[in-house]
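Structure at a glance
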Amino acid sequence: MTAPNAHPSPSEEPEGATEADRLRDLLRTPAYSKLLVFSALIGVPISLAAFWFLVGLHELEHVMWADVPKALGWDTPPAWWPLPLLAVAGVVVGLVVTHLPGAGGHVPAYGLHAGGPSAAALPGVVIAAAASLPLGAALGPEAPLIALGGGLALLFRHLVRAPATPQSTALLGAAGAAAAIAAIFGNPLIAAVLLIEVAGVGGPQLFVVMLPALLSSGVGAVVFTGFGRWTGLETGSLTVHFPTAPPRLDTGDVVWSIVLAAGVGALVHLMIIGGRLTAAFVSASPLVRTMISAVAAGGCAALYALVTGRSPAEVASSGQATLAGLASDPHAWGVGALLAVLLFKAAAYTLCLGSLRGGLVFPVLFLGAAAGVLLAPLPGLGVIPGAAAGMAAAAAAALRLPVSSVALVVLVLGNAETIPVVILAAVTAFVTAELLPPGPSAATRRPREKSAGGGVRA
């Protein structure tokens with residue numbers, strides 16, 4: 001299963017060949033046809049693995065934040081509850097980083113990565129995510145899912161003893177990641193769009209990556225949806241339902257959305273820089289400093305609970321359930337609670353970005369929505385347009401993937417009325433974040449990680 005070269009040498013191309021001719025020639029090659037079939041086949045086991053992975057995270061989180069506190073006599077977790085949980089998370093992730101191949105996956109502060117880890121790195125990815133996310137990391141599950149899907153795709157290639165080439169590695173990694181990521185976003189289209197932007201491809205290579213990713217994620221979505229209904233188990237897909245229909249947009253919504261997006265984009269950019277500085281701090285002594293950073297994130301959640309009297313889980317979590325609650329009853333959050341959750345969750349998110357393992361998307365969606373709801377009383381700005389603009393701006397500034405951010409927020413909201421402010425907010429925040437000083441780069445500040453072969457790589 002050797003993927004054909006998408007860019008043949010000039011001597012191999014007929015005179016006058018166009019991009020469309022190259023694409024047709026590629027689609028006719030047996031190697032690419034085999035790659036498409038293999039992508040469809042691996043979509044089934046990868047989506048099943050993603051399903052049980054998410055079920056496990058969801059159930060463990062419920063046990064740690066609901067069942068155990070109730071068994072000890074508390075209706076809600078006490079303010080100090082995140083401290084021991086995140087201390088354990090920090091120790092486990094620190095051990096994974098220092099002792100297991102792959103260092104538990106990519107450091108979240110450096111963004112999403114399309115490439116899948118080696119098969120040897122998969123145990124570390126699963127252990128680090130299982131320690132981080134259910135125990136209170138302010139991160140989402142999308143990055144571990146991408147790593148899991150890409151790594152499993154390469155593992156299946158190894159099991160069938162197919163030839164390994166740089167092209168097939170890239171394509172299968174993207175296809176496997178798309179099959180897994182479709183599970184959490186509930187839509188195969190956003191998975192394919194996200195992976196295309198993460199890979200940064202264009203021209204004929206765009207179609208080469210697009211077709212396996214779409215096919216694998218589509219098959220995976222069918223299996224994932226059907227399997228979930230058959231078992232009755234929940235994984236917690238990301239959806240938002242406002243209790244009222246979105247209003248017609250007016251000038252105030254558009255103008256305030258642009259202003260909101262510029263501010264949110266700048267603030268999220270500062271969080272990413274803070275996460276990279278945390279990663280540089282942790283890299284000097286991963287075991288000890290990962291625990292210190294994780295406990296500090298737990299301290300943010302504890303302080304939030306003490307100040308507001310609300311559950312610390314609103315800060316020490318991915319923000320998925322809290323976002324759904326905010327959307328269903330935004331007026332239940334007073335100005336003080338919104339300000340407090342923005343402050344403390346942003347701080348916890350920054351610390352977790354550089355120390356624990358998870359994804360960037362879920363927490364910033366909540367932070368963006370909370371900022372939109374907080375500013376909704378501005379003259380001419382509605383709650384739903386404000387939340388939509390805040391979510392799009394936060395996602396675009398964190399991921400630096402404007403098309404994926406627009407598609408994600410539109411699909412999460414499930415309505416077409418807010419698309420204009422979503423697009424404007426995403427573009428505004430993306431441009432704002434790009435024009436600001438970039439801060440530490442992944443090349444110069446990324447922590448040193450153990451490679452799959454047991455060595456250490458930068």
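For the structure, check the block above.
Below, the structure is looked at part by part.

Here is what the cut-offs are and how they apply
Residues numbered from 1 in each chain as written. Predicted model: local features only at pLDDT ≥ 70, side-chain atom pairs only at ≥ 80, totals over all residues. Heavy atoms only, no water. Salt bridge = Lys/Arg side-chain N within 4 Å of Asp/Glu carboxyl O. Buried < 20%, exposed > 50% of the residue type's maximum accessible area, 1.4 Å probe, protein only. Helix = DSSP H or I, 4+ residues; strand = E, 2+ residues; numbered from the N terminus. Phe/Tyr/Trp six-rings, centres within 6.5 Å; stacked < 30°, edge-to-face > 60°. Lys NZ or Arg CZ within 6 Å of the ring centre and 35° of its normal. Contact = heavy atoms within 4.5 Å. Patch = residues over 30% accessible without salt bridge, like charges linked within 9 Å, V, L, I, M, F, W, Y side chains within 5 Å. Areas by Shrake-Rupley, 256 points an atom, 1.4 Å probe, with all protein chains shown as cover.

1. Some remarks on the pattern of salt bridges
A full pass over the atoms with the stated rule returns 2 salt bridges. With its nearest N and O atoms 3.0 Å apart, the salt bridge here joins Glu-314 to Arg-310. On the accessibility criterion, Glu-314 (14% relative accessible area) is buried. Arg-310 sits in the partly exposed class, given a relative accessible area of 25%. Residues Glu-434 and Arg-400 are paired through a salt bridge, measuring 3.1 Å at the closest nitrogen-oxygen approach. Of the two residues, Glu-434 sits in helix α16 (residues 419–435) while Arg-400 sits in the loop between α14 (383–399) and α15 (402–413), which places them 34 residues apart along the sequence.

2. Some words on the packing of aromatic side chains
Enumeration according to the criterion identifies 6 aromatic pairs in this entry. A ring pair is formed by Phe-51 and Trp-52, whose centres lie 5.1 Å apart and whose planes are at 85°; its orientation type is edge-to-face. A relative accessible area of 2% places Phe-51 in the buried class. You can call Trp-52 partly exposed: its relative accessible area is 43%. Each ring, one from Trp-80 and one from Trp-81, has its centre 5.6 Å from the other, and the planes form 50°; the classification is tilted. Members of the aromatic cluster, connected to one another through ring pairs, are Trp-74, Trp-80 and Trp-81. Stacked on the ring of Trp-333, the Lys or Arg Arg-310 has its end atom at 4.0 Å from the ring centre.

3. As for the environment of Val-268
Structurally, Val-268 can be placed in helix α9 (residues 251–283). For Val-268 and Ala-393, which are 125 residues apart along the polypeptide, the C-alpha to C-alpha distance reads 8.8 Å. Val-268 has contacts with Val-364, Ala-394, Ala-397 and Ala-398, leaving out every residue within four places of it along the chain.

4. What about a nonpolar patch on the surface?
A surface patch of nonpolar side chains, about 520 Å² in accessible area, is lined by Val-91, Leu-95, Phe-281, Leu-287, Val-288, Met-291 and Ile-292. Secondary structure elements with two or more residues in the nonpolar patch: α3 (82–99) and α10 (286–308). Examining the composition of the nonpolar patch, we find that 4 residues originate from one element, α10, more than from any other. With respect to the element layout, Ile-292 can be found in helix α10. Classification of Ile-292 as partly exposed rests on a relative accessible area of 43%.

Scope: geometric values only; no functional claims are made or implied.
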